[in-house]
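# Architecture at a glance
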Amino acid sequence: MSRFDVVLYGASGFTGQYVVEYLHKAAVEHNLTWAVAGRDEGRLKAALARAGAIVEADLSRVQTIICDSSDTSSLLAMASQAKLVLNCVGPYRFFGEPVVEACVEAGSHHVDISGEPQYLEKMQLKYHQKAVENGVYVIGACGFDSIPADMGQICVKEAMEGDVNSVESYLRVIVPDLPGAIINYATWQSAIYGFANARELGKLRKQIYPERMPASKPKLMPRQDYPMGLHYSNIVNTWCMPFMGSDKSVMTRTQR
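Residues numbered from 1 in each chain as written. Predicted model: local features only at pLDDT ≥ 70, side-chain atom pairs only at ≥ 80, totals over all residues. Heavy atoms only, no water.

## Concerning the environment of His-109
Tracing the sequence through the fold places His-109 in strand E5 (residues 109-112). By relative accessible area, which is 26% here, His-109 ends up partly exposed. Taking C-alpha positions, His-109 is 6.0 Å from Val-138, a pair spaced 29 residues apart along the chain. (Helix = DSSP H or I, 4+ residues; strand = E, 2+ residues; numbered from the N terminus. Buried < 20%, exposed > 50% of the residue type's maximum accessible area, 1.4 Å probe, protein only.)

Below, the structure is given as structure tokens:
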């Protein structure tokens, strides 16, 4: 059975809607075959119609695949039709693993935009060996979390032509003056549950990497200006605090 080059799972969601627009452009440019997947055919069709209006193209012929994260057989059927699944259904803590499992079983590569360290590291622990055996790539954190940080550290190392002791990056958050929430609900859920269950990470990491990485020298002292790392930076000329995201987790695993 021939497979689509790409299947977008969660096409009708907040992020999936944007991905549909980009995926159409990429498909035209690179001659890719693609389909969208999700629970509700009506919502998928509506997402295609909205994207079509924006990119000025008729997307009504794009195939829809009906599946649900609570139905493993439907996920396996979806993954079996794809060379690559783009998974935009979060929070991944709750909905991600069944999709990864289906992709590994069906021999489909899996890419997601998770910024949830517990999920990312748990998937590595549980599915790495089976993915290797089946020739499958499972790649997480392929969005704002954590492409800029992870690719940034690689570029810095290549430019310096040697080992890099440490990397410090700064992110400026600009909040638009608009009514309503400034982040979507799934992102909010991911953050809340991530903070609440942060202690899970210690046990996971000991299982994945029994031996610690060599300590960097010279060792940088933690910032002691104020609690929680709050400090004034002369680099960006403003007050800063540590970013509570997956960047450090992803970057550290890359160093392995």
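Read on, since the account is not over.
## Here we look at the pattern of salt bridges
Applying the stated criterion to the full structure yields six salt bridges. Measuring nitrogen to oxygen at the nearest pair gives 3.1 Å for the salt bridge that ties Asp-5 to Lys-83. Separated by 78 residues along the polypeptide, Asp-5 in the segment before strand E1 (6-9) and Lys-83 in the loop between helix H3 (72-79) and strand E4 (84-87) bring together distant segments of the chain. We classify Lys-83 as partly exposed; its relative accessible area is 44%. Taking the shortest distance from any N to any O, the salt bridge between Glu-105 and Lys-130 comes out at 3.2 Å. Here Glu-105 is found in helix H5 (residues 97-106), whereas its partner Lys-130 is found in helix H6 (residues 117-133), with 25 residues between them in sequence. (Salt bridge = Lys/Arg side-chain N within 4 Å of Asp/Glu carboxyl O.)

## Concerning the sheet that holds E5
Read from one edge of the open sheet, six strands run E3-E2-E1-E4-E5-E6, paired in parallel fashion. The sheet is open, and its two borders are formed by strand E3 (63-66) and strand E6 (138-139), each paired with just one other strand. Sheet analysis places E4 next to E5, joined by four bridges and oriented parallel. Each residue of the ladder has a partner; that of Leu-84, found in E5, is His-109. Relative to E1, H3 is tilted by about 150 degrees, and along the sheet it contacts E1, strand E2 (34-38), E3 and E4. (Pairing = 2+ DSSP bridges. Contact = heavy atoms within 4.5 Å. Axes fitted to C-alpha atoms, helices over the stretch in contact; angles between N-to-C directions.)

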